[in-house]
Amino acid sequence: MESSVDRIADPWGGRVPHGRHQPWPARVDTRLADGVRSEDVQRWVQAASILHSDGDAMDIAVVDGRMVGVRGRAVDRVNRGRLGPKDLFGWQANASPDRLTRPLVREGGRLVETDWDDAMNRVVSRSRELLDERGPGSLGFYTSGQLFLEEYYTLAVLARAGIGTNHLDGDTRLCTSTAAEALKESFGCDGQPGSYDDIDHADVIALFGHNIAETQPVQWMRVLDRLEGTDPPRLLCVDPRPTPVARRAAVHLAPRIGTNVALFNALLHEVIRTDRVDHAYVRAHTVGFEELAARVADCTPQWAAGVCDVPAARISEAAELLGTADRLLSTVLQGVYQSHQATAAAVQVNNLHLIRGMLGRPGAGVLQMNGQPTAQNTRECGADGDLPGFRNWQNDAHVEDLAKVWNVEPSTIPHYAPPTHALQMFRYAEQGSIRMLWISGTNPAVSLPELSRVRSVLSQERLFTVVQDLFLTETAQLADVVLPAATWGEKTGTGTFTNADRTVHLSEKAVEPPGGARPDLEIFLDYARRMDFRDKDGGPLITWQDPESAFEAWKRCSAGRPCDYTGLSYDMLRGGSGIQWPVNERAPEGTGRLYTDGITWAHPDVCENYGKDLVTGAADGAMEYRSLNPDGKAMIKAAAYLPPHEGPSEEYPFQLTTGRTLYHFHTRTKTGRAPQLNAAAPDVWVEVSAKDAERTGLREGDLVEVRSPRGALRGRLRVTDLRPGVLFVPFHYGYWDTPAGSGPDASTPGRAANETTITDWDPASKQPLFKTAAAALTLVERGDGTPSPAPTTTASAPTAPRHVPAITGGPAAHVTQVPHPAWDRKEGSR
């Protein structure tokens, strides 16, 4: 039965209820361009979403060489045919008329068009000069969470073994490094223990700082379908905002920002006090329980209530939910990762599952979620703060093994210190030790904290900046060389990417890239050829020439490691469902859940790291780790609550938190060019609680200024049920679609949330703290009765909805939803 649904006004679509322990029924969502019918489509090309970390599988509709729409893949385990608003409309950005089509170089202070030879020769010439004059530490690479696995791996090889630099990181540092660090601290290695399928089996789902309705909307559809089915789960939501999750939760806690560790310690205190501990599991599979019990012994709900400003009774209710769950699924995201004591807090969620024995069974798992579509690949491939294949930079045997894979001497691979994290790289550039910075697929001039500082770093004459992107972003406008990149659906051949629950998807080429734009893999391979990188025998360091041979090379690198891809092939991924790693001889069909038979990768000989001090971030050594955990069990690591570094004051009385909205991704370079998505959330806004609005005399739609010790921004006010004392600003909005261009000047007020955020990071994960700035709020001018541009369907819903018209997508936002029976793994067979 077909129905037409406005997926801007109704972003999660209709319900297909399913009961506990039942498979999630399929529902195929389709969106075609106006005037295009299904029978007009000449080809459907397999892909998956590039606009969030869910990994929604889809097919791209092609007519006469043009993308004309998408449909969900009913056969896929991740989404069962469903697509979120960004999936349904975001593809339109590929055909935006302002795509970069030719390289640009800076001449006389201006960017001018040139050809690929000239652009690449400039990059190669500067690389060689710096290597000769200053050595490999003068070059840095800052990449994305949106490239393909094959591209990250190639970049990791050329940077770490070709150049020999330790300065390689991804913008996944901003969204997912705490997920990786928390998993390493608890389990000895990265990789999600749980699976999205756990939603179908859990009786309690706890969402800690995770607005799943807006960041992973298809999985929220799955939760909603469970809530409408038999034996629905109970939800626990920890979030200062009135998210869609909070509105459906059995218990909603809105703690004071920066107090997550205090809250989690109180929850652990109650679980231990009431003896909801699986002592047999703790004895068999963990170390550190006694230290945790001692640490939280005095962390009563009454104590936490004073720290977190949450009623003690509600904390006890939350602990009762967690302690009595038959199958507990916990998810964690930016409300934890981008806040104070990020890793310490995320580790306490792992501790909760370890002491309750809630791992390795359907419905019992942890999802330390990702924020970007290919964040998992950045981590696996070594394009961030890890060595490829989750190898340990402190373990000489791991470095020697990687050197054998690459056929280089171990000394070629920098391992004298941990790989440099992103904010440290920008500090090195600011200080002058990094003299060339290659930025691929990301926009730090909007996404990093304290933007005035970032712009000043990128504007230095001594820093040679290369930007590889689709559009002339705020960052590209400050570059010395701009390389036009192809994107999803355009890249030569095929590529793979892995979502937050370890599901590997295939994405095929649907259309040609515009003009002279080139795939990222082709650009990296061209650079490697021109630099003439060699292995220890004098042969080419990088031996592959296309995506599939790059994938085969990666398989060799992953062999025997936690993220083992050796049993996967493009043919296995073509036409069917995505498959969860590890895939190898022991698990030829993939692995739904990790740790089904105990803890696998925490032994001192195989672990990805030896742990860190959660307060200082100092790395522990091999001897210390081996003495504490000789048998390789899961590590229960306790943490004391410490107050945030910056708190409210008389001058800055609010706490500012930044975040996302359902309708946009990252810095809007794609979603801002999709008409329906842009119309749903066209400009920045500032959220304030109804209580604070009344106290300050502010009203819906007023133009206000948010100021911190670092800078200021202006936006229209949205009055919501947000926690009092907190301001929320979405971080997506920069300047590319304003007269300001690359950033504000003396006559242009700021628009980007990160004008105000602080240059501070978690000591263990090095993830920036975007949620703990102190800020002031002042009126600029009264509104004229027009409401804020904030969406009405999401966490930004107004307190007084009768005064604010509900957003709609109009006729162009209608999609077809078709309930569909389950398919076998190969498309077309039923």
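Residues numbered from 1 in each chain as written. Predicted model: local features only at pLDDT ≥ 70, side-chain atom pairs only at ≥ 80, totals over all residues. Heavy atoms only, no water.

Broken down by element type, the protein carries 25 helices and 29 strands. Since a compact globule built from 830 residues should have a radius of gyration of about 28 Å, the 25 Å found for the protein is in line with a globular shape. By principal-axis analysis of the C-alpha atoms, the protein measures approximately 65 × 65 × 60 Å. Of the charged side chains in the protein, 87 are positive and 105 negative; the average position of the first set lies 2 Å away from that of the second. (Helix = DSSP H or I, 4+ residues; strand = E, 2+ residues; numbered from the N terminus. Rg over C-alpha atoms; globule rule 2.2 N^0.38 Å. Lys, Arg positive; Asp, Glu negative; His and termini not counted. Charge placed at Lys NZ, Arg CZ, Asp CG, Glu CD.)

Our focus in this paragraph is empty space enclosed by the protein. With the rule as written, the count across this model stands at nine cavities of 30 Å³ or more. Taken as a whole, the largest cavity holds about 550 Å³ of empty space. Lining the largest cavity are 39 residues, with Gln334, Gly335, Thr658, Gly659 and Lys771 sitting closest to its centre. When contributions to the lining of the largest cavity are tallied by element, the ones reaching two or more residues are helix H5 (212-215), helix H8 (260-273), helix H13 (334-337) and strand S23 (654-659). Among the residues forming the lining of the largest cavity, the class breakdown is 14 nonpolar, 18 polar and seven charged. Roughly 190 Å³ of volume is contained in the second largest cavity. Residue composition of the lining of the second largest cavity, by class: seven nonpolar, nine polar and four charged. (1 Å grid on protein atoms, 1.4 Å probe; cavity = no way out; pocket = protein on both sides within 12 Å on 5 of 7 lines; lining within 4 Å. Points joined across faces, edges and corners; volume = space filled by probe spheres on them. Nonpolar A, V, L, I, M, F, W, Y, C, P; charged D, E, K, R; others polar.)

One pass over the full model with this rule turns up 16 aromatic pairs. Arranged with centres 5.1 Å apart and planes meeting at 45°, the rings of phenylalanine 551 and tyrosine 570 form a pair that is tilted. Residue phenylalanine 551 is located in helix H21 (residues 547-558), and its partner tyrosine 570 is located in helix H22 (residues 570-573); the two are separated by 19 residues in the primary sequence. By relative accessible area, phenylalanine 551 is classed as buried at 0%. You can call tyrosine 570 buried: its relative accessible area is 2%. Each ring, one from tryptophan 554 and one from tyrosine 565, has its centre 5.7 Å from the other, and the planes form 75°; the classification is edge-to-face. Placement of the pair is tryptophan 554 in helix H21 and tyrosine 565 in the loop between H21 and H22, with a sequence separation of 11 residues. An identical accessibility class is assigned to tryptophan 554 and tyrosine 565; each is buried. These aromatic residues form a ring-pair network of at least three members: Tyr153, Trp544, Phe551, Trp554, Tyr565 and Tyr570. In this structure, arginine 673 is placed above the aromatic ring of tryptophan 736, and the distance from its NZ or CZ to the ring centre is 3.8 Å. (Phe/Tyr/Trp six-rings, centres within 6.5 Å; stacked < 30°, edge-to-face > 60°. Buried < 20%, exposed > 50% of the residue type's maximum accessible area, 1.4 Å probe, protein only. Lys NZ or Arg CZ within 6 Å of the ring centre and 35° of its normal.)

This brings us to the pairing of strand S18 (residues 481-484). Burial along S18 is two-sided: Val481 and Leu483 and Val482 and Pro484, pointing in opposite directions, are all buried. Sheet topology places strand S6 (residues 104-107) next to S18; two bridges connect them, and they run antiparallel. Looking across to S18, one finds that valine 105 is bridged to valine 481. Here strand S17 (residues 464-469) runs beside S18; their pairing, made up of four bridges, is parallel. Note on S18: the bridge partner recorded for valine 466 is valine 481. (Pairing = 2+ DSSP bridges.)

Here the focus is the pattern of salt bridges. Summed over all chains, the structure comprises 59 salt bridges. Among the ionic pairs, arginine 15 bridges to aspartate 225, the shortest N-O distance being 2.6 Å. You can see arginine 15 sitting in the loop between strand S1 (3-6) and strand S2 (26-32) and its partner aspartate 225 sitting in helix H6 (residues 217-227), a full 210 residues away along the chain. According to the relative accessible area criterion, arginine 15 is partly exposed, its value standing at 27%. Glutamate 430 is paired through a salt bridge with arginine 453; the nearest N and O atoms lie 2.8 Å apart. Here glutamate 430, found in helix H17 (residues 422-431), pairs with arginine 453, found in helix H19 (residues 451-458); they are 23 residues apart in sequence, far enough to count as distant. Since its relative accessible area comes to 28%, glutamate 430 is described here as partly exposed. Here the salt bridges do not stand alone but share partners, grouping Arg77, Asp197, Asp200, Arg222 and Asp501 into one network. (Salt bridge = Lys/Arg side-chain N within 4 Å of Asp/Glu carboxyl O.)

A separate point is the sheet that holds strand S15 (residues 365-368). In space, the five strands of this open sheet follow the order S12-S11-S10-S14-S15, with parallel pairing throughout. Edge positions in the open sheet fall to strand S12 (251-253) and S15, since each of these has one partner strand only. Adjacent strand axes in the sheet meet at a mean angle of 10°, parallel and antiparallel pairs treated alike. Direction of pairing for strand S10 (residues 204-208) relative to strand S11 (residues 234-238): parallel, over a ladder of five bridges. Across the sheet, valine 204 pairs through a bridge with arginine 234, a residue of S11. (Axes fitted to C-alpha atoms, helices over the stretch in contact; angles between N-to-C directions.)

Chain-level pLDDT for the protein is 95 on average; 98% of the residues reach the 70-or-more range. Overall, residues 820-830 carries pLDDT values under 50, and its contacts beyond four positions in sequence, including any with other chains, amount to 34 contacts. (pLDDT = per-residue confidence, 0-100. Contact = heavy atoms within 4.5 Å.)

To continue, consider H21. Its 12 residues place the ends of H21 16 Å apart at the C-alpha level, agreeing with the 16 Å of an ideal helix rising 1.5 Å per residue. Among all positions of H21, only Pro547, Ala550, Phe551, Ala553, Trp554, Lys555, Cys557 and Ser558 are buried. Residues of H21 that are buried in the fold lie against helix H3 (149-163), helix H15 (375-381), helix H16 (396-406), strand S19 (494-498), helix H20 (520-531) and H22. The backbone nitrogen of glutamate 548 lies 3.3 Å from a side-chain oxygen of the residue at the head of H21, namely aspartate 546. Taken from the residues just after H21, glycine 560 is the one with a positive phi, measuring 80°. (Expected span 1.5 Å × (residues − 1). Polar contact = N/O pair within 3.5 Å; in protein donor to acceptor, adjacent residues only side chain to side chain.)

Moving on: the environment of threonine 473. With respect to the helices and strands, the residue threonine 473 is situated in the loop between S17 and S18. On a C-alpha basis, the gap between threonine 473 and serine 144 in space is 14 Å, while along the polypeptide they are 329 residues apart. Among residues more than four places away in sequence, those in contact with threonine 473 are Asn443 and Thr669.

Right, let's get into the nonpolar core. The biggest cluster of nonpolar side chains holds 123 residues, and the ones touching the most others in it are Phe208, Trp220, Leu236, Leu267, Ile355 and Trp488. When residues in this core are grouped by element, the largest group, nine residues, is from H8. With residues up to four places along the chain from it excluded, the contact list for tryptophan 220 reads Trp12, Ile212, Ala213, Leu235, Pro244, Val245 and Arg248. With 65 residues, the next largest nonpolar core counts Leu155, Cys381, Phe464 and Trp554 among its residues. (Core = buried A, V, L, I, M, F, W, Y, C linked by side-chain atoms within 4.5 Å.)

On to the sheet that holds strand S20 (residues 503-508), then. On the basis of which strands lie adjacent, the open sheet formed by three strands has the order S19-S20-S21 and antiparallel pairing. Single-partner strands in this sheet number two, and they are S19 and strand S21 (579-580).

We now examine the side chain of threonine 487. Relative to the assigned elements, threonine 487 resides in the loop between S18 and S19. Filtering out sequence-adjacent residues up to four positions away, threonine 487 remains in contact with Asn94, Arg99, Leu470 and Lys670.

Moving on: H19. Inspection of H19 places Leu451, Val454, Arg455, Val457 and Leu458 among the buried residues, and these make up the whole buried set. Projected onto a plane normal to the axis of H19, the buried residues spread over an arc of 160° and lie on a single side. Structurally, H19 contributes buried residues whose contacts are with H17, strand S16 (436-440), helix H18 (444-447) and S17. (Arc of directions from axis to C-beta.)

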